[in-house]
Amino acid sequence: MATHLAAVSIAKGEAFDLQTRPTPKPGPDELLIEVKSVALNPADGHMRDEGLFIPTYPTVIGFDLSGLVLEVGDNVSVDATDEGPGPFFRPGITRVAAYAASFWKSYDPNYGVFQERCLVPWQHAVPLPDEGISWNQAATLPVAVEVPLSAWDAMGIPRVGEATASSSVSVALAGARTQENKKQKREALLIWGASSSVGTMGVQSARLLREDRDSSFAAVYATAGAANRKYVGSLGADRVFDYNEPQVVDVIVSAAREDGLVIRHCFLATGQLAPCQAVLKAFFGDDQGRENPRAKIGSAPIIPPDAEEGNGVETIFLMPPTDEGDRLAHFRYWMGTWLRENLANGTIRPSPEPRIVGKGLGAINGGLDMLLQGVSCTKLVVEIAE
């Protein structure tokens, strides 16, 4: 029986223990991946220390990975001769980044990424370009992409090209509509905590929404610490505000009014909910007599139990769909379509830059300790294999 090394979570509050595990075979619609690099997330630390999400021990956790496809199960497309538009996964050849499915597998240890081999549904994986993206960079992508794209879906923001694809108007009418839409681009999309991992990808994906001629967004606003404002601007934010400024809410509201825009949608990548609510509330009644839609916040942090409710602002905690069919369809779009296409054409890049905190599974514990002490505008990565 083939075996591999894993960083096993043996009990709540205990450091990971390096153990040998049997290497599983992929089932239908699954990939067996040789893990090359893993990126660390705050949830990993909370799971290790507090047992968050974990129903039984021992198990293997972790969300973000890059690696090489070793084997594929039934129903996985391996080349262009298979039916469907792809993506394709060729054993021994295809490099991927992937989002772990262990949360939906009751933390079956075969699906955690903190080990040398793991299972992933193919819908959770994206084939990487042949050149230009390292294993370490690729490992930063899955969670960073899934969370903001989940936010846009949860808040009801149409996907890029969605309106255009469903349109059947003539060329002449399309031209007229384009001119009308230019006048209707009256919103700024706000990303709070934009120097975090999910925040940087929030800015990049929001930039693509802004560039979509059929969207209502004319600008991307973001908040970040003073040291990271230039970097966030380089990703596509039109205005970047220092969230440490005492009057930052008033500054954002004044800037939007100066630009002739309203703010109805906010992605809270990290930080406090209250200032986001205050920004959105400031625009009640600012829509020139039109019906005021309900303002929405997509929150990556867990919503505090004492958070203010109502008053026209809806706050949505961001989680992938719980229904398996819906979840796989969403991941297939987020990873296999949106991420694959935008990596290939260069319209997004891995962000923020990875910081290598060690090599081998034994470095994960120390990396999580460092992460939980606080980092800014970087993604901590552990190299598992060459």
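None of the values given here were measured: they were computed from a predicted structure.

Asker: Whenever I open this one, the overall build of the protein chain confuses me. Can you help?
Answerer: The helix and strand inventory of the protein chain stands at eleven helices and 15 strands. Here the C-alpha atoms of the protein chain give a radius of gyration of 21 Å, agreeing with the 21 Å that 2.2 N^0.38 yields for 386 residues. Counting only C-alpha atoms and orienting by the principal axes, one finds that the protein chain spans roughly 70 × 50 × 35 Å. Put simply, the protein chain has 386 residues, and 53% of those count as buried. Look at the contacts in the protein chain between residues 6 or more apart in sequence, and 73% of them connect residues 24 or more apart. Taken as a whole, the protein chain presents about 16600 Å² of accessible surface, with 50% of it coming from carbon and sulfur. Each charge sign in the protein chain was given a centre, from 34 positive and 47 negative side chains, and these centres are 5 Å apart.

Asker: In this structure, what is going on with the side chain of E187? I would like to understand it.
Answerer: Mapping E187 onto the fold places it in strand β8 (residues 187-192). Despite its burial, E187 pairs with no opposite charge, the nearest such side chain being R264 at 5.8 Å. Side-chain polar atoms of E187 contact the side chain of S216, separated by 3.0 Å. Within the structure, the side chain of E187 is placed 3.1 Å from the side chain of H265, a separation counted as a polar contact. Not counting residues up to four positions away in its chain, the partners in contact with E187 are S216, F217, A218, A219, L261, V262, R264 and H265.

Asker: What am I meant to see in the nonpolar core here?
Answerer: One broad trend across soluble globular proteins is that nonpolar side chains are buried collectively. Among the nonpolar cores identified, the biggest contains 82 residues, and F114, W152 and I364 are the most heavily contacted of them. A total of eight residues in this core trace back to one element, the largest contributor, which is helix α3 (residues 141-154). Excluding anything up to four places from it in sequence, F114 contacts A6, A7, F16, V38, L40, D44, V60, I61, G62, L361 and I364. Counting residues in each nonpolar core, the second largest holds 26 residues, with A188, F241, I263 and V313 among its members.

About the cut-offs
Residues numbered from 1 in each chain as written. Predicted model: local features only at pLDDT ≥ 70, side-chain atom pairs only at ≥ 80, totals over all residues. Heavy atoms only, no water. Helix = DSSP H or I, 4+ residues; strand = E, 2+ residues; numbered from the N terminus. Rg over C-alpha atoms; globule rule 2.2 N^0.38 Å. Buried < 20%, exposed > 50% of the residue type's maximum accessible area, 1.4 Å probe, protein only. Contact = heavy atoms within 4.5 Å. Areas by Shrake-Rupley, 256 points an atom, 1.4 Å probe, with all protein chains shown as cover. Lys, Arg positive; Asp, Glu negative; His and termini not counted. Charge placed at Lys NZ, Arg CZ, Asp CG, Glu CD. Salt bridge = Lys/Arg side-chain N within 4 Å of Asp/Glu carboxyl O. Polar contact = N/O pair within 3.5 Å; in protein donor to acceptor, adjacent residues only side chain to side chain. Core = buried A, V, L, I, M, F, W, Y, C linked by side-chain atoms within 4.5 Å.

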